[in-house]
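Fold and geometry: a report
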Amino acid sequence: MSDLPDRLPPDGLRASDADREQVAEVLRTAAAEGRIDLPELDERLARVYAARTYAELEPLTRDIPRAVSDTVARRAGHDVQLRPSSWAIGVMSGFDRRGRWPAPRVMRALAFMGGGKIDLREAQFDANVIRIRAWAVMGGIDIVVPDDAEVAITGLGVMGGFDQRAAGLGSPGGPRILISGLAFWGGVTVKRRGRPRR
């Protein structure tokens with residue numbers, strides 16, 4: 001037992017999917033505020049999702065004011081409340097939201113010459129109603145909703161398709177999912193699926 005290495009410093013610890021998603025949300029907010037442009041956002045997001053440790057994540061938000069306190073608090077071992085990500089962006093790339101993830105009340109998804117998937121079957125809803133605003137421009141977004149959900153779809157397809165087939169009533173007490181947006185030379189598909197068994 002004496003041959004075991006000393007405990008790693010906090011920044012050498014492995015990052016979780018939730019840690020990576022929190023950093024990605026900070027970067028998306030920074031892009032929305034004009035702090036970084038879309039090509040830099042895309043580059044940093046690629047590095048976020050490839051990161052394995054806190055040491056790889058920390059430099060990606062070092063120059064963004066809001067990120068500093070979150071990163072320092074997490075590395076110091078304090079609890080940081082994970083806010084649901086309100087943006088999913090794929091610019092000549094992709095995004096993927098599936099499994100157990102915190103879904104916000106309003107989610108905006110953009111696929112520009114790229115693609116993305118939003119699977120709500122195991123998502124933890126902030127409220128019983130979620131609004132998804134999806135824009136697919138020369139790209140595609142796939143949305144998977146649980147079969148017990150009430151789904152309303154009001155999106156528009158222009159030289160593309162915005163799938164309406166999954167719209168309809170769900171089971172009593174099921175979530176309400178309102179989907180709107182635009183598919184231009186692209187597509188937004190919405191499919192109903194049963195919840196996965198674990």
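Everything below is about the structure printed above this text.
We now turn to the structure provided with this report. (Residues numbered from 1 in each chain as written. Predicted model: local features only at pLDDT ≥ 70, side-chain atom pairs only at ≥ 80, totals over all residues. Heavy atoms only, no water.)

**Concerning helix H2 (residues 38-50)**
Given a rise of 1.5 Å per residue, 13 residues ought to cover 18 Å, and the 18 Å separating the end C-alpha atoms of H2 matches this to within 8%. Three or more residues of H2 are buried, namely Leu 41, Arg 44, Leu 45 and Val 48. Viewed end-on, H2 has its buried residues packed into an arc of 105°, placing them on one side of the element. Set apart from the buried face of H2 by more than 90 degrees, the exposed residues are Pro 39 and Ala 50. Where H2 is buried, its residues meet helix H1 (17-32), helix H3 (54-57) and strand S1 (87-91). (Helix = DSSP H or I, 4+ residues; strand = E, 2+ residues; numbered from the N terminus. Expected span 1.5 Å × (residues − 1). Buried < 20%, exposed > 50% of the residue type's maximum accessible area, 1.4 Å probe, protein only. Arc of directions from axis to C-beta. Contact = heavy atoms within 4.5 Å.)

**Focus: the pairing of S1**
The element S1 is largely enclosed, with a buried count of four among its five residues. Sheet topology note: the S1/strand S4 (residues 106-112) ladder contains five bridges and is parallel. The residue bridging Val 91 from the neighbouring strand is Phe 112, located in S4. (Pairing = 2+ DSSP bridges.)

**Things to note about the sheet that holds strand S11 (residues 161-162)**
Whether parallel or antiparallel, the strands of a sheet pair through hydrogen bonds between backbone atoms. Pairing is parallel across the open sheet formed by five strands, whose spatial order is S2-S5-S8-S13-S11. Edge strands, defined here as strands with exactly one partner in the open sheet, are strand S2 (94-97) and S11. Pairing between strand S5 (residues 115-119) and strand S8 (residues 140-146): five bridges, direction parallel. Across the sheet, residue Ile 118 finds its bridge partner in S8, namely Ile 143.

**Examining the nonpolar core**
In terms of nonpolar packing, the biggest core is built from 27 residues, with Ile 118, Leu 120, Ile 132, Ile 141, Ile 143 and Ile 179 touching the most fellow members. Of all the secondary-structure elements, those providing two or more residues to this core are S4, strand S7 (129-137), S8, strand S9 (150-153), strand S12 (176-184) and strand S13 (187-193). Non-local contacts of Ile 132, meaning those with residues more than four positions away in its chain, are made with Met 107, Ile 118, Leu 120, Ile 143, Ile 177, Leu 178, Ile 179 and Ser 180. (Core = buried A, V, L, I, M, F, W, Y, C linked by side-chain atoms within 4.5 Å.)

**Some words on the packing of H1 against H2**
Where H1 meets H2, the axes come as close as 9 Å, and the angle between the chain directions of the two elements is 175°. Classified by the interaxial angle, the pair formed by H1 and H2 is roughly antiparallel. Residue-level inspection shows Arg 20, Glu 21, Val 23, Ala 24, Leu 27, Arg 28 and Ala 31 of H1 in contact with H2, the latter providing Leu 41, Arg 44, Leu 45, Val 48 and Tyr 49. (Axes fitted to C-alpha atoms, helices over the stretch in contact; angles between N-to-C directions. Parallel < 35°, antiparallel > 145°, perpendicular 65-115°, else oblique.)

**Considering the side chain of Arg 44**
Note that Arg 44 resides in helix H2. The class of Arg 44 is buried, set by a relative accessible area of 9%. With residues near it in sequence (within four places) discarded, Arg 44 still touches Leu 27, Ile 36, Leu 60, Asp 63 and Ile 64.

**Structural notes on unusual backbone geometry**
We note that Met 92 has phi near 55°; this positive angle belongs to a residue other than glycine. Within the fold, Met 92 resides in the loop between S1 and S2. Notably, Trp 185 is not glycine yet its phi reads approximately 55°, a positive angle. Mapping Trp 185 onto the fold places it in the loop between S12 and S13.

**A short note on the pairing of S2**
Burial along S2 is one-sided: the residues Phe 95 and Arg 97 are buried and none of Gly 94 and Asp 96 is. Two strands pair when backbone bridges link them, and S2 and S5 are joined in this way by four bridges, in the parallel orientation. Pairing of Phe 95 across the sheet is with Gly 116, part of S5.

**Things to note about the environment of Pro 196**
Its place among the elements puts Pro 196 in the segment after S13. What makes Pro 196 partly exposed here is its relative accessible area of 35%. Sequence-wise, Pro 196 and Gly 99 are 97 residues apart; in three dimensions their C-alpha atoms are separated by 9.2 Å. Apart from the residues lying within four places of it in its own chain, the contact partners of Pro 196 are Arg 121 and Glu 122.

Scope: geometric values only; no functional claims are made or implied.
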